[in-house]
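# Close look at the chain arrangement
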Amino acid sequence: MKRSITRRTALSLVGGAFAAPLIARGGWAQAYPTKPVTVIIPFGAGGTTDLIGRIICERLSQRMGKSFVIENRAGAGGNTGVAALAHAAPDGYTIGMTTVATHGINPNLFKDKLPFKALEDFEFLSLASSQPNFMCCHPSLPAQSVAEFIAYLKANPGKETFASSGLGTSIHLCGELFMQLAGVKMQHVTYRSSGALMQDVIAGNVKITFDNFTSPYPHYKAGAVRGLAVTTTQRAKIAPEIPALSETLPGFDIASWNGFLAPKGTPKEICDRLVAELQAVLKDPSVASRFEELGAAATPSSGEEARAKSTAEIAKFRDIIEKAGISIQN
């Protein structure tokens, strides 16, 4: 038996056909997340990136009603964790952190051996924080300022050493840029960790480091090391008495920054929701205050601004690395 379809029934069916995709698209953003979200941090627990990530994920969990679970995937200067993120399902349930290493330095060190495409394999969400490195020295060094230190090095070429936590780290490249801009020479000594290098600086076995701010700052406050400068163009709020290196060497600007990414192809609606939530967290004064205790500043941004930051950093470090003749042999 034939059944007739009234005009009202037909219109309701047509309306439903159009409404279903709209509900699906809008529902992604409204319902997301419906389960815990994994957040890959490409460095070990306890470092600055990990601490920043945990503060943010704690707030995201509170705001979004589902846990944002940290997964530390250290290795190869951050490349291991970021490569895992690049190959994760683009469904919004795996996101991760980017840093100055993975999206500024490493594309120039590893080149075609980099296990991901820094600008092509990800949806950029937001920058998170920025922290200067801290140029500090053993108190026995006969220099009270950057200018005096440069004069001392010119009078004693190649005599002093500077310490970093590895070839191609931002700590190492701060030293290289310092030598390039100041026209001086120092020997580079690598250590397995920031803790180990600071022990030797405090002991006077190596005289200078440009370590990430968080590590030397307590030793500076205790008088175990002398603070000469921070490596960003602005002085650190937590230590405004320490000059910026750019005050002596114009153009010097290296920061240890980080941000958030999603795998390429993650739905725009989910990315937009994450960007909005990240910006809300990073604009919270209590979060900014916790960052300041680490010597860092909150840096909320759009995804486009985060991508532009990475693009500019890759170009900047390419110049430093090429002038220094640094390469990574795999």
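As shown above, the structure is provided for reference.
A general tendency of soluble globular proteins is for nonpolar side chains to be buried together. If you look at the biggest cluster of nonpolar residues, it comprises 50 residues, and the most contacted ones within it are M135, F149, F178, F210 and L245. Counting residues per element, this core draws most heavily on helix α6 (residues 170–182), at seven residues. Of all hydrophobic cores here, the second largest spans 30 residues; its members include I52, F68, F260 and L274.

This brings us to the side chain of T161. Relative to the helices and strands, T161 is located in strand β5 (residues 161–164). Judged by relative accessible area, which is 14%, T161 ranks as buried.

Glancing now at the packing of aromatic side chains. Per the stated rule, a full pass over the model turns up nine aromatic pairs. Ring centres of F149 and F178 lie 5.9 Å apart, and the angle between their planes is 25 degrees; this geometry places the pair in the stacked category. Placement of the pair is F149 in helix α5 (residues 146–155) and F178 in helix α6, with a sequence separation of 29 residues. The pair F149 / F178 is uniform in exposure class, with both members buried. Measuring from centroid to centroid gives 6.1 Å for Y217 and Y220, while their planes differ by 40 degrees, and the two rings are tilted. You can see Y217 and its partner Y220 sitting in helix α8 (residues 217–221), three residues apart, about one turn around the helix. Comparing Y217 with Y220, the two get one shared label, buried. In textbook terms, an aromatic cluster arises when at least three aromatic residues are bridged by ring pairs, as seen for F134, F213, Y217 and Y220. Note that K35 overlies the ring of Y93, its terminal NZ or CZ placed 4.7 Å from the centroid.

This paragraph deals with the pairing of strand β2 (residues 68–72). Regular strands place side chains that alternate from one sheet face to the opposite one. Alignment of strand β1 (residues 37–41) against β2, held across five bridges, turns out to be parallel. Bridged to V37 within β2 is F68. Assessed by its sense of winding, the connection that carries the chain from β1 through helix α2 (residues 48–64) to β2 is right-handed.

This paragraph deals with the environment of T190. Along the chain, T190 falls in strand β6 (residues 187–190). For T190, a relative accessible area of 45% corresponds to the partly exposed category. For T190 and T169, which are 21 residues apart along the polypeptide, the C-alpha to C-alpha distance reads 9.9 Å. In contact with T190, not counting residues within four places along its chain, are S164, G166 and L167.

This paragraph deals with the packing of α2 against helix α9 (residues 268–282). In contact at an axis separation of 10 Å, α2 and α9 are set at 115 degrees when each is read in the N-to-C sense. The hand of the α2/α9 crossing is right-handed. Note on element contacts: α9 touches α2 through R273, L274, E277, L278, A280, V281 and L282, opposite I56, R59, L60, R63 and M64. In terms of residue class, the contact of α2 with α9 is built from eight nonpolar, no polar and four charged.

Here we come to the environment of N79. Here N79 lies in helix α3 (residues 79–86). In this structure the C-alpha to C-alpha distance between N79 and T102, which are 23 residues apart in sequence, comes to 6.2 Å. N79 has contacts with T102, N106, F110, L114, P115 and F116, leaving out every residue within four places of it along the chain. A polar side-chain atom of N79 sits 2.8 Å from a polar atom in the side chain of N106.

Okay, the environment of Y152 next. Mapped onto the secondary structure, Y152 falls in helix α5. Y152 sits in the buried class, given a relative accessible area of 13%. Between the C-alpha atom of Y152 and that of I202, which follows or precedes it by 50 residues, the distance is 20 Å. Ignoring anything within four residues of it in the chain, the contact list for Y152 reads L141, P142, K159 and E160.

Most of strand β3 (residues 94–99) sits out of view: six of its six residues are buried. Pairing geometry for β1 and β3, over three bridges, is parallel. Paired with I40 across the two strands is G96, which belongs to β3. Across four bridges, β3 lies against strand β9 (residues 255–263) in antiparallel orientation. What sits directly across from M97, in β9, is F260.

What counts as what
- Residues numbered from 1 in each chain as written.
- Predicted model: local features only at pLDDT ≥ 70, side-chain atom pairs only at ≥ 80, totals over all residues.
- Heavy atoms only, no water.
- Core = buried A, V, L, I, M, F, W, Y, C linked by side-chain atoms within 4.5 Å.
- Buried < 20%, exposed > 50% of the residue type's maximum accessible area, 1.4 Å probe, protein only.
- Helix = DSSP H or I, 4+ residues; strand = E, 2+ residues; numbered from the N terminus.
- Phe/Tyr/Trp six-rings, centres within 6.5 Å; stacked < 30°, edge-to-face > 60°.
- Lys NZ or Arg CZ within 6 Å of the ring centre and 35° of its normal.
- Pairing = 2+ DSSP bridges.
- Right-handed = clockwise from strand over helix to strand, strands pointing away.
- Contact = heavy atoms within 4.5 Å.
- Axes fitted to C-alpha atoms, helices over the stretch in contact; angles between N-to-C directions.
- Left-handed = near helix turned anticlockwise from the far one by under 90°.
- Nonpolar A, V, L, I, M, F, W, Y, C, P; charged D, E, K, R; others polar.
- Polar contact = N/O pair within 3.5 Å; in protein donor to acceptor, adjacent residues only side chain to side chain.

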